[in-house]
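# Architecture at a glance
In case you want the letters, here they are:
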Amino acid sequence: MNPQTTPAATPSATPLATPWGTLDLTRFPADPRERLRAWDAADEYLLRHLAGEADSAAGAPTELSGRRIAVLGDRWGALTTALAPYEPVQITDSHLGRQATRENLARAGAVVDEARLLTTRDTPPERIDVLLVRVPKSLALLEDQLHRLAPAIHPGTVVVGTGMVTEIHTSTLQLFEKVLGPTRTSLAVRKARLIFCTPDPALDPGPSPWPHRYALPPDIGPASGRTVVNHAGTFCAERLDIGTRFFLAHLPTPAPGDRVVDLGCGNGVVGTAAALAGPGAELVFVDESHQAVASAEETFRTNLGPDAPAEFLTADALAPDVCAPGSVDLVLNNPPFHSHQATTDATAWRMFSGSRRALRPGGELWVVGNRHLGYHVKLRKLFGNCQLVAGNPKFVVLRAVKR
């Protein structure tokens, strides 16, 4: 990659000026209507620090050439793309973030080396000389990944984290100290901070406490009392959330042979409940989180055994390459309305439109959501119909049928 060359922009790309040149970066999937950037001040601050250009008490630039660099939690590939000449290894839980990294690397003229785009479920590098951490929203995910990477850290490893001030808490710093070694922070710049951690070779953090398991409550239908498995970073990993609990009380019963998709499956409790209620149904679990899909598979297999028919896919909603058009009988969906710290309905819209494409005529999409989000408006626009199945002061369960 020529650092002096500005890559061709795409309609939804936003330029990031780095010490190694200006990059046009985009989220995935690229949407010209999307106003959220593929980078923020935390990414910018870390890159300037590495180059010795930030007022972060760093002094000289960080030596990167010839060193084994790992980038943990890079949200849309901004850090990996900027540092592409140094061949970093990216480790991410997000399918969307990984896809964005591929596209941003290609747009920047860098070689896309799949072996360097790891997920949180892959075997981590054996040695890391520079560890760069984009602090995730989930403290549990950070805890689990620091435990996984700790054996690769040595006394000379440079460890630098970054995040917005709203993302870095005392508990974040305590976690770095517990797993890796003494930790301090920088001053805030444009509402972003850096984290500096000095590895302590004498420290023994012990094994990761993840995954967690718990038994479901006794009054939620076919899944009552069943065991749920949660890998770190999975939504509501400590207990059943109230929205899913409400959904479980109103799930439809699949017919034998029905192809049922648990879309945005999280730990897979909804799809597992559907399989328990409708023996003979074929389940498909889909989530953009690698940790979530691993959780869903373990939850399902724990309760239905190794031979029950099911697929487990890390993917973007129900994109055409996930489920063929007209191949699905029922979609069950609890859509997220956050993308990291931002509130957005873009994911829900993709989930709904993808569901309509994947459903056969007469197939149904069942959705649970906060009442105030107004999902019924989107469903009527897409499907031409929407029925209120159940509601309480906080949540609604909605049903749309493909005509």
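Here the structure is shown first, and the text comes after it.
About the thresholds
The numbers attached to residues start from 1 for each chain and follow its sequence in the written order. Where local features are concerned, this predicted model is filtered to residues with pLDDT of at least 70; where side-chain atom pairs are given and counted, the filter is 80 or more; whole-chain, interface and lining totals use all residues. Water and hydrogen atoms were dropped before computing side-chain values, which therefore reflect all heavy atoms in the structure. Per the convention used, a helix needs a DSSP run of H or I reaching at least four residues, while a strand needs a run of E reaching at least two, with both numbered from the N terminus. Two things to know: the radius of gyration comes from C-alpha atoms, and the globule rule equals 2.2 Å times the number of residues to the power 0.38. Summary of the burial criterion: residues with accessible area below 20% of their type's maximum are buried, those above 50% are exposed, and those between are partly exposed, where the area comes from a 1.4 Å probe applied to protein chains only. Any pair of residues with heavy atoms lying within 4.5 Å of one another is described as a contacting pair. What sets the accessible areas is the Shrake-Rupley method with a 1.4 Å probe; for residues, cover comes only from the shown protein chains. This count recognises Lys and Arg as positive and Asp and Glu as negative, with His and chain-terminal groups excluded. To locate a charge, take NZ of a lysine, CZ of an arginine, CG of an aspartate or CD of a glutamate. Paired strands, as defined in this entry, are two strands with at least two bridges between them according to DSSP. Here an axis means a line fitted to C-alpha atoms, over the contact stretch when the element is a helix, while the angle between two N-to-C directions is reported on a 0 to 180 degree scale. For the handedness criterion, the strands are oriented away from the viewer, and a crossover whose path from the first strand over the helix to the second runs clockwise is classed as right-handed. For a helix, the expected span equals 1.5 Å multiplied by the number of residues minus one.

Next up on the list: the overall build of the protein. Each helix and strand counted, the protein has 10 helices and 20 strands in total. Since a compact globule built from 403 residues should have a radius of gyration of about 22 Å, the 22 Å found for the protein is in line with a globular shape. Across its three principal directions, the C-alpha atoms of the protein cover 65 × 45 × 40 Å. Within the protein, buried positions represent 56% of all 403 residues. Put simply, of all contacts in the protein between residues at least 6 apart along the chain, 66% involve residues at least 24 apart. Accessible surface, the protein: about 16800 Å² in total, of which carbon and sulfur atoms supply 52%. In the protein, the 40 positive side-chain charges and the 41 negative ones have mean positions that sit 7 Å from each other.

Quick look at the sheet that holds strand β19 (residues 387-391) now. A sheet is described by the order of its strands in space; here seven strands give the open sequence β14-β13-β12-β15-β18-β20-β19, paired in mixed fashion. Bordering the open sheet on either side are β14 (310-314) and β19, each of which pairs with just one other strand. Each strand of the sheet is rotated relative to its neighbour by a mean of 15°, with strand direction disregarded. Examined bridge by bridge, β19 and strand β20 (residues 395-401) share four bridges and lie antiparallel to one another.

Here we have seven strands laid out as an open sheet, ordered β5-β4-β3-β6-β7-β9-β8, and mixed in their pairing. Across the chains shown, the open sheet's two edge strands, defined by having one partner strand only, are β5 (117-119) and β8 (183-185). On average, adjacent strands in this sheet sit at an angle of 20° to one another, irrespective of strand direction. Looking at chain direction, strand β3 (residues 69-72) and strand β6 (residues 128-134) are connected through four bridges and run parallel. Residue pairing across strands places I69 opposite V130, the latter belonging to β6.

Here we take up unusual backbone geometry. A cis geometry characterises the amide bond from F28 onward to P29, with omega recorded as -5°. Examined against the element boundaries, P29 turns out to sit in the loop between β2 (21-25) and α1 (41-50). In this chain, W210 is followed by P211 through a cis amide linkage whose omega measures 5°. Following the sequence through the fold, P211 ends up in the loop between β9 (192-197) and β10 (212-215). Look at R190: it is not a glycine, yet its phi comes out positive at around 50°. Tracing the chain through its elements places R190 in the loop between β8 and β9. The phi dihedral of A317 falls on the positive side, at around 50°, and the residue is not glycine.

Take the pairing of strand β12 (residues 259-263) next. On a regular strand, one side chain projects to one face of the sheet and the next to the other, so that they alternate. Here β12 lies mainly inside the structure; five of its five residues are buried. Of the pairings in the sheet, the one linking β12 to strand β13 (residues 282-287) comprises five bridges and is parallel in character. Its bridge partner being in β13, D262 is matched across the sheet by F285. Regarding topology, helix α7 (residues 269-277) serves as the crossover connection from β12 to the parallel β13, and that connection is right-handed.

Taking 1.5 Å per residue, 13 residues should reach 18 Å; helix α9 (residues 346-358) reaches 18 Å between its end C-alpha atoms and fits that length. The complete set of buried residues in α9 reads T347, A348, M351, F352, G354, S355 and A358. Its buried side turned inward, α9 meets β12, β15 (328-333), β18 (359-370) and α10 (375-383).

Turning to helix α4 (residues 139-149), a few remarks are in order. With respect to burial, α4 is a largely interior element, nine of its 11 residues being buried. Taken together, the buried positions of α4 are occupied by A140, L141, L142, E143, D144, Q145, L146, H147 and L149. In the core, the buried residues of α4 are packed alongside β3, β4 (89-92), β6, β7 (153-164), α5 (170-179) and α8 (290-304).

Among the structural elements, L146 can be located in helix α4. For L146, a relative accessible area of 0% corresponds to the buried category. As for L146 and A390, which are separated by 244 residues in sequence, their C-alpha atoms are 42 Å apart.

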